[in-house]
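Below are the chains, spelled out letter by letter.
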Amino acid sequence: MIDLTPDFVLQIQDEYTGGDVDERGILFQSGGKPIKSPLRKPGGFYVFRQTDGDVHEIQIRCPHYYPRTVRVDKTALDKTYPVIRVRMHRKASGVFRDCERIEGTHIPDAVVYACVREESPLRLQSVEAGERETRLLLQGYTIRRFPGRRFLLGSEKNGETFIVDARDSMGEYRTRDPISGKHKPGEPVVRIYRSQCDSQGQYSIPVEPGDETRIEKILHYDKEKGKWDCVCVMAPS
């Protein structure tokens, strides 16, 4: 009998759009050596089977994106859905024509966020955690596209980002990202963009056309301190 059970699955997505990363030229390595090509499925899923050991450091390289390294512990995954989402950050390149860019300087290789100034931000109504997804009810109205996009819930004290996976109805959304903080009804939910600095500390964050004039500040999340730091406050346009 042939065992088709996956050891783990990586879902490779473009951080800006949430869409698939073009598979042409994408490489997976471990310890600097190429990995046997995983099985590719629609939706940016890459299925790894018959891997040795429980813990793997997977390096992912793709043209026009910064490389990512993902640590996979097979024993810690949900055996019924062993999927790890990997969001790839775009390099500053003329290849992408669907965005504007916010540029500046911070710490080399650091991850940075561009926070949008909204006239009337959405407001949290409730959060309900399920086994595999979290359901959010939001108050307010926006014409923004949601699925695949990243949003910030809360303020810089308790703020955390999440990716909207589905919009079920007006005001009802689902995410696979855990919402771990204690959030109160009425907290704002705004669009936020994420990218990273290069080896020289230069960043170029892709944002939707029109949002470049509404970026309020550039933020960096300090994991060791567990808090957000303001990198740059943008002047109102």
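Heads up: the structure comes first, above all this text.
Residues numbered from 1 in each chain as written. Predicted model: local features only at pLDDT ≥ 70, side-chain atom pairs only at ≥ 80, totals over all residues. Heavy atoms only, no water.

(A) Region of interest: the overall build of the protein chain. If you tally the helices and strands in the protein chain, you get zero helices and 20 strands. Over its C-alpha trace the protein chain gives a radius of gyration of 19 Å, about what one expects of a compact globule, namely 18 Å for 237 residues. Dimensions of the protein chain, computed from C-alpha atoms along their principal axes, come out at roughly 60 × 40 × 35 Å. Split into buried and exposed, the 237 residues of the protein chain put 44% on the buried side. Summarising the internal contacts of the protein chain: among those between residues at least 6 apart in sequence, 65% fall at separations of at least 24. Working note: accessible area of the protein chain is about 13300 Å², and carbon and sulfur atoms make up 50% of it. Here the protein chain holds 38 positive side-chain charges and 36 negative ones, and the gap between their average locations is 1 Å. (Helix = DSSP H or I, 4+ residues; strand = E, 2+ residues; numbered from the N terminus. Rg over C-alpha atoms; globule rule 2.2 N^0.38 Å. Buried < 20%, exposed > 50% of the residue type's maximum accessible area, 1.4 Å probe, protein only. Contact = heavy atoms within 4.5 Å. Areas by Shrake-Rupley, 256 points an atom, 1.4 Å probe, with all protein chains shown as cover. Lys, Arg positive; Asp, Glu negative; His and termini not counted. Charge placed at Lys NZ, Arg CZ, Asp CG, Glu CD.)

(B) Spatial organisation of the pairing of strand S6 (residues 55–61). Strand direction decides the pairing type here: strand S2 (residues 27–30) and S6, joined by three bridges, are antiparallel. Opposite leucine 27, over in S6, you have arginine 61 as the bridge partner. In sequence, S6 turns back onto strand S7 (residues 68–73) through a hairpin of six residues, with histidine 64 there showing a positive phi of about 75°. (Pairing = 2+ DSSP bridges.)

(C) Here's a closer look at the packing of aromatic side chains. For the structure shown, the criterion picks out 10 aromatic pairs. Centre to centre, the rings of tyrosine 65 and phenylalanine 96 are 5.6 Å apart; their planes meet at 70°, and the pair counts as edge-to-face. On the criterion of sequence distance, the pair formed by tyrosine 65 in the loop between S6 and S7 and phenylalanine 96 in the loop between strand S8 (83–88) and strand S9 (100–105) is long-range, its members being 31 residues apart. Exposure remark for phenylalanine 96: the relative accessible area of 16% places this residue in the buried category. Sitting over the face of the ring of phenylalanine 151, arginine 191 holds its NZ or CZ atom 5.9 Å from the ring centroid. (Phe/Tyr/Trp six-rings, centres within 6.5 Å; stacked < 30°, edge-to-face > 60°. Lys NZ or Arg CZ within 6 Å of the ring centre and 35° of its normal.)

(D) The arrangement of the environment of aspartate 198 in detail. Here aspartate 198 lies in the loop between strand S17 (188–196) and strand S18 (202–207). For the pair aspartate 198 and alanine 110, spaced 88 residues apart in the sequence, the C-alpha separation amounts to 7.9 Å.

(E) Structural view of the state of the cysteines. The tally for this structure, following the rule as stated, stands at zero disulfides. Left without a disulfide partner, cysteine 115 is nearest to the cysteine sulfur of cysteine 230, which lies 9.6 Å away. Cysteine cysteine 197 is unpaired, with the sulfur of cysteine 232 as its nearest cysteine sulfur at 12 Å. A residue is classified by how much of its surface remains accessible, and cysteine 197, at 0% relative accessible area, is buried. (Disulfide = S-S within 2.5 Å.)

(F) A look at a nonpolar patch on the surface. Together, Tyr141, Ile143 and Met170 make up an exposed nonpolar region whose accessible area comes to about 430 Å². Relative to the elements of secondary structure, methionine 170 occurs in the loop between strand S15 (166–169) and strand S16 (172–175). (Patch = residues over 30% accessible without salt bridge, like charges linked within 9 Å, V, L, I, M, F, W, Y side chains within 5 Å. Salt bridge = Lys/Arg side-chain N within 4 Å of Asp/Glu carboxyl O.)

That is the geometry; function is a separate question.
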